[in-house]
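Chains, contacts and geometry: an overview
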Amino acid sequence: MEALVQTPTLTLEKDMCLSGEELQALEVFPTNLQCFTYYHYVLYQKGNKRIILKPLPHNLFKIIRTYDFVPA
């Protein structure tokens, strides 16, 4: 018997708080850029979207900004 599995479609909006596990489930992964090392923010990506997150205690992340990445 076949089963249809649907993943929830969640839009990433500003001021939304997500856990690290929720980010992995949504296939949002950290970039390997070091440009945010002097700030208390991290840069994640999902496809051509970039998400700036603020790390919070207990493995939570708050979305600061999302934008489309356009290569130069």
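Report on the accompanying structure.

Conventions we followed
- Residues numbered from 1 in each chain as written.
- Predicted model: local features only at pLDDT ≥ 70, side-chain atom pairs only at ≥ 80, totals over all residues.
- Heavy atoms only, no water.
- Core = buried A, V, L, I, M, F, W, Y, C linked by side-chain atoms within 4.5 Å.
- Buried < 20%, exposed > 50% of the residue type's maximum accessible area, 1.4 Å probe, protein only.
- Helix = DSSP H or I, 4+ residues; strand = E, 2+ residues; numbered from the N terminus.
- Contact = heavy atoms within 4.5 Å.
- Salt bridge = Lys/Arg side-chain N within 4 Å of Asp/Glu carboxyl O.
- Pairing = 2+ DSSP bridges.
- Phe/Tyr/Trp six-rings, centres within 6.5 Å; stacked < 30°, edge-to-face > 60°.
- Lys NZ or Arg CZ within 6 Å of the ring centre and 35° of its normal.

1. Concerning the nonpolar core
If you look at the biggest cluster of nonpolar residues, it comprises 9 residues: Leu18, Leu23, Leu26, Val28, Tyr44, Ile51, Leu53, Phe61 and Ile63. Put simply, the parts of the chain that give this core at least two residues each are β4 (49–56) and β5 (60–68). In this structure, Ile51 is in contact with Leu12, Val28, Val42, Leu43, Tyr44, Gln45, Lys46, Ile63, Arg65 and Thr66, ignoring residues within four places of it in sequence.

2. Quick look at the pattern of salt bridges
Counting across every chain of the model gives 2 salt bridges. Taking the shortest distance from any N to any O, the salt bridge between Lys62 and Asp15 comes out at 3.8 Å. Placement of Lys62 in strand β5 and of Asp15 in the segment before β1 (17–19) is noted, with a sequence separation of 47 residues between them. The shortest N-O distance in the salt bridge between Lys49 and Asp68 comes to 2.9 Å. One end of the pair, Lys49, is in strand β4; the other, Asp68, is in strand β5, with 19 residues separating them in the sequence. According to the relative accessible area criterion, Lys49 is partly exposed, its value standing at 39%.

3. Let's talk about the sheet that holds β4
Strand order in the open sheet formed by 5 strands is β1-β5-β4-β3-β2, and the pairing between neighbours is antiparallel. Edge strands, defined here as strands with exactly one partner in the open sheet, are β1 and β2 (29–30). Direction of pairing for β1 relative to β5: antiparallel, over a ladder of 3 bridges. Among the inter-strand pairings, Cys17 is bridged to a residue of β5, identified as Lys62.

4. Here's the deal with the packing of aromatic side chains
Scanning the entire structure with this criterion turns up 1 aromatic pair. With a centroid separation of 5.8 Å and 50 degrees between ring planes, the pair formed by Tyr44 and Phe61 is classed as tilted. Of the two residues, Tyr44 is situated in strand β3 (residues 42–46) and Phe61 in strand β5; the sequence distance between them amounts to 17 residues. Each member of the pair, Tyr44 as well as Phe61, is classed as buried. The lysine or arginine in question, Arg50, covers the ring of Phe69, its NZ or CZ lying 4.3 Å from the ring centre.

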